[in-house]
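Chain by chain, the residues:
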Amino acid sequence: LNISKYLINEKENKKLKYIVILPPEKFCIHLKDYIKEIKNNSEIIYWDQKRSLRWKFPFFIIDAKLYYFLLKRKIGVFFCPYIDPPLLPGINVISTIHDTTPIDVKDYFQNLKFFKRSLYSIRLLLTLYTSSLILTVSNSSKERLISIYSKHFLKLKSKLKNIKVIPNGVYLNRSKKDNFGNKILEKYNLQNENYFLYVGDRRPHKNIESVINLINNYNKKFNKNFKLILAGSNSYKNFKLLSIIKNHKSFVIEIVNPTDLELDYLYKECVALCFLSLSEGFGIPILEAALRGKKIIANKIPIFKEIAPPESLLIDTQDFQKNLYEINAYLNSKCFPSKKYVKKKWSWENSASLLSKILLTIINSSENN
């Protein structure tokens with residue numbers, strides 16, 4: 001939503017015209033602000049059904065109605081922000097592959113693991129073959145795709161090398177009310193608490209169990225009483241994690257689906273963000289914490305080496321005892337991320353500008369041919 005908003009409203013480029021295809025209007029209530037911001041510079045179409053699971057399965061990837069609509073409008077580029085676009089012969093399709101986590105993390109799926117992993121792999125391969133251009137959100141994701149597919153699928157080699165990186169951005173959303181932050185802390189009974197913060201959902205690759213164990217052991221080792229706040233959606237039913245959270249209620253606090261403003265103050269008041277994910281395409285919580293000048297403790301994986309500010313602490317989650325001393329030294333240091341650096345480097349405007357140039361190149365090339 002963010003990148004398309006800046007792309008559509010880009011004032012420098014008047015050549016590109018946009019049609020935005022959204023779900024049925026009754027499902028777009030949460031998009032009212034987004035729609036308001038783009039309506040003057042795009043044509044908004046409410047489709048007759050939700051995207052749902054359509055196109056994910058190899059035998060459902062042809063959407064005849066959508067295809068006819070795009071051909072009739074003489075669409076130059078169909079931009080899909082997901083991994084699974086429909087099959088659209090003769091139309092330039094740009095697809096976005098954020099990561100390869102379902103392949104890389106063994107326990108990503110809780111049931112029917114082999115079937116779901118195989119289906120995902122097939123769908124990913126179809127996307128690589130049928131898309132005119134692939135986007136990723138990081139160099140780490142690009143290199144991972146190259147390492148997985150370039151050796152065994154020679155026809156994909158040039159396409160993989162031509163993958164374009166359009167990174168995510170970050171923005172600061174704050175209330176103008178001076179007492180809003182205090183109300184948030186009161187709402188969750190956090191006025192006198194020191195806490196670590198995790199932001200995200202409950203899927204297995206998020207490695208929340210390790211976050212809980214790390215904070216629990218740190219408290220015991222250094223006689224501390226830090227809380228751990230798990231902020232985000234709990235719609236994914238990770239039953240093993242639910243049991244672990246229940247057994248650590250003394251210091252684990254769940255805040256389900258906080259608003260953007262609530263999340264802002266949770267970041268603002270935390271001791272540090274603790275993000276030990278096993279695999280990510282990007283890792284926006286790291287930038288959100290850094291934009292507020294907060295300390296960051298993250299897993300030492302390629303993507304976090306790529307995006308985390310130099311002032312972050314990247315740890316090897318296999319060596320907890322060493323980590324405890326590293327964390328203690330880090331928390332007692334005067335090492336904080338630079339807000340200006342983060343804001344300048346990771347902006348939605350910059351990413352939208354990169355994408356705009358790619359779209360123009362494709363359209364100009366099509367017109368010349």
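Conventions we followed
- Residues numbered from 1 in each chain as written.
- Predicted model: local features only at pLDDT ≥ 70, side-chain atom pairs only at ≥ 80, totals over all residues.
- Heavy atoms only, no water.
- Salt bridge = Lys/Arg side-chain N within 4 Å of Asp/Glu carboxyl O.
- Helix = DSSP H or I, 4+ residues; strand = E, 2+ residues; numbered from the N terminus.
- Buried < 20%, exposed > 50% of the residue type's maximum accessible area, 1.4 Å probe, protein only.
- Pairing = 2+ DSSP bridges.
- Axes fitted to C-alpha atoms, helices over the stretch in contact; angles between N-to-C directions.
- Contact = heavy atoms within 4.5 Å.

Structural notes on the pattern of salt bridges
Charged atoms that come close allow side chains of opposite charge to pair.
Item 1. All told, the structure shown has 14 salt bridges when counted by the stated rule.
Item 2. The partner of D48 in a salt bridge is K65, and the shortest N-O contact between them spans 2.5 Å. With D48 in the loop between β2 (43–46) and α3 (64–72) and K65 in helix α3, this residue pair connects regions lying 17 residues apart in the sequence.
Item 3. A relative accessible area of 48% means that K65 is categorised as partly exposed.
Item 4. Here R202 ties to E254 by a salt bridge, and the two come within 3.3 Å at their closest N and O atoms. Of this pair, R202 sits in the loop between β7 (195–199) and α9 (208–221) while E254 sits in strand β9 (residues 252–256); the two residues are 52 residues apart in sequence, bridging distant segments of the chain.
Item 5. With a relative accessible area of 3%, R202 lands in the buried category.
Item 6. Salt bridges sharing partners connect three or more residues here, namely R202, K249 and E254.

So, the pairing of strand β5 (residues 133–136)
Item 1. Of the two faces of β5, the one carrying L133 and L135 and the one carrying I134 and T136 are both buried.
Item 2. One ladder, built from three bridges, connects strand β4 (residues 92–96) with β5; its direction is parallel. For T96, the partnering residue across the bridge sits in β5 and is L135.
Item 3. Relative to strand β6 (residues 164–165), β5 runs parallel, the two being bridged by two bridges. The residue of β6 that forms the bridge with L135 is K164.

Considerations on the sheet that holds strand β12 (residues 313–315)
Item 1. Reading across from one edge, β9-β8-β7-β10-β11-β12 is the order of the six strands in this open sheet, with parallel pairing throughout. Of all strands in the sheet, those with a lone pairing partner are β9 and β12, marking the two edges. Across the sheet, the axes of successive neighbouring strands diverge by a mean angle of 25°, strand direction being ignored.
Item 2. Along the sheet, α9 contacts β7, β8 (227–232), β9, β10 (272–275) and β12; its crossing angle with β8, the most-contacted strand, is approximately 160°.

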